[in-house]
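The primary structure of each chain is shown beneath.
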Amino acid sequence: MTMNQGKLIVLEGIDGSGKSAQYRRLSARFEQEGVAFHSIVFPRYDKESSALIRMYLGGEFGANPSDVNAYAASTFYAVDRYASYRTDWGGIYENGGLILSDRYTTSNAVHQGCKLPEAELPQFFDWLYDLEYNKLGLPKPDLVIYLDVDIETSLARMEHRQQKHHTQADIHEKDTRYLADCLRLGHLAAAHYGWRVVPFKTNGEIRALDEKHEEIYRIVKTVL
């Protein structure tokens, strides 16, 4: 890292949380207001570095997420991030650029941590931190915003997306119990790492996209 390192902002959430929609809104807001930034989305399914991820999600290592342990699966995603940093955005970040990321190391905490007993989570969270930020040398986020959701909305949105794009659910998306565990883990990881949580509902009512966007933008401005 150079002394002129940039800023890294991450949007995180389980499938169907509205994360990608808020990512697009935040990107458009940056463009509208003339904020220079570089955007990345993980996993990068179109890159060779995601080969093990695609095999895993496609069921080649087992039909259930738990067939691949949390540590092994985490390394698949870590390799993709390392490749992206070295070939895409590392130079921008090291020269003071702003990076906006849809998912990051944070996704391993949520989607792989749910495979472990709760008593083992602090050790796993610390291992993830050490693996990607210390051993691999990837940047630590300046801000992680976690979008909350409920399991019913998550499932409904995923089904709608699959019908719209004529895609099949992967082994994560097929497993309702796994998704519910991911949602629980999101809150535990947010508390452990100090992420900013954006609530899904206010007074029992689902919040509007614009309302959540304004909250997200207010939070982001505190680190710019």
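## Describing helix H8 (residues 176-193)
Phase 1 of the analysis: The terminal C-alpha atoms of H8 lie 26 Å apart, and with 18 residues this matches the ideal 26 Å at 1.5 Å per residue to within 8%.
Phase 2 of the analysis: Immediately downstream of H8, the backbone of Gly-194 shows phi near 85°, a positive value.

## With respect to the nonpolar core
Phase 1 of the analysis: Core analysis: the biggest nonpolar cluster contains 35 residues, and Leu-8, Ile-14, Trp-89, Tyr-104, Phe-125 and Trp-195 have the highest contact counts within it.
Phase 2 of the analysis: Sorting the residues of this core by element identifies strand S1 (7-12), helix H3 (70-94), helix H4 (105-111), helix H5 (121-135), strand S4 (143-147), helix H6 (151-165) and H8 as the ones contributing at least two each.
Phase 3 of the analysis: Among the elements that take part in this core, H8 stands out by supplying seven residues, more than any other.
Phase 4 of the analysis: When sequence neighbours within four positions are dropped, the list of residues in contact with Trp-89 reads Leu-8, His-38, Ile-40, Phe-42, Ser-84, Ile-99, Tyr-104 and Pro-139.

## Some thoughts on unusual backbone geometry
Phase 1 of the analysis: Cis geometry is found at the peptide bond from Phe-42 to Pro-43, where omega equals -10°.
Phase 2 of the analysis: Within the secondary structure, Pro-43 sits in the loop between strand S2 (38-41) and helix H2 (51-57).
Phase 3 of the analysis: A positive phi angle, close to 80°, is found at Arg-103, a residue other than glycine.
Phase 4 of the analysis: With respect to the helices and strands, the residue Arg-103 is situated in the loop between strand S3 (98-102) and H4.

Reading guide: rules and limits
Residues numbered from 1 in each chain as written. Predicted model: local features only at pLDDT ≥ 70, side-chain atom pairs only at ≥ 80, totals over all residues. Heavy atoms only, no water. Helix = DSSP H or I, 4+ residues; strand = E, 2+ residues; numbered from the N terminus. Expected span 1.5 Å × (residues − 1). Core = buried A, V, L, I, M, F, W, Y, C linked by side-chain atoms within 4.5 Å. Buried < 20%, exposed > 50% of the residue type's maximum accessible area, 1.4 Å probe, protein only. Contact = heavy atoms within 4.5 Å.

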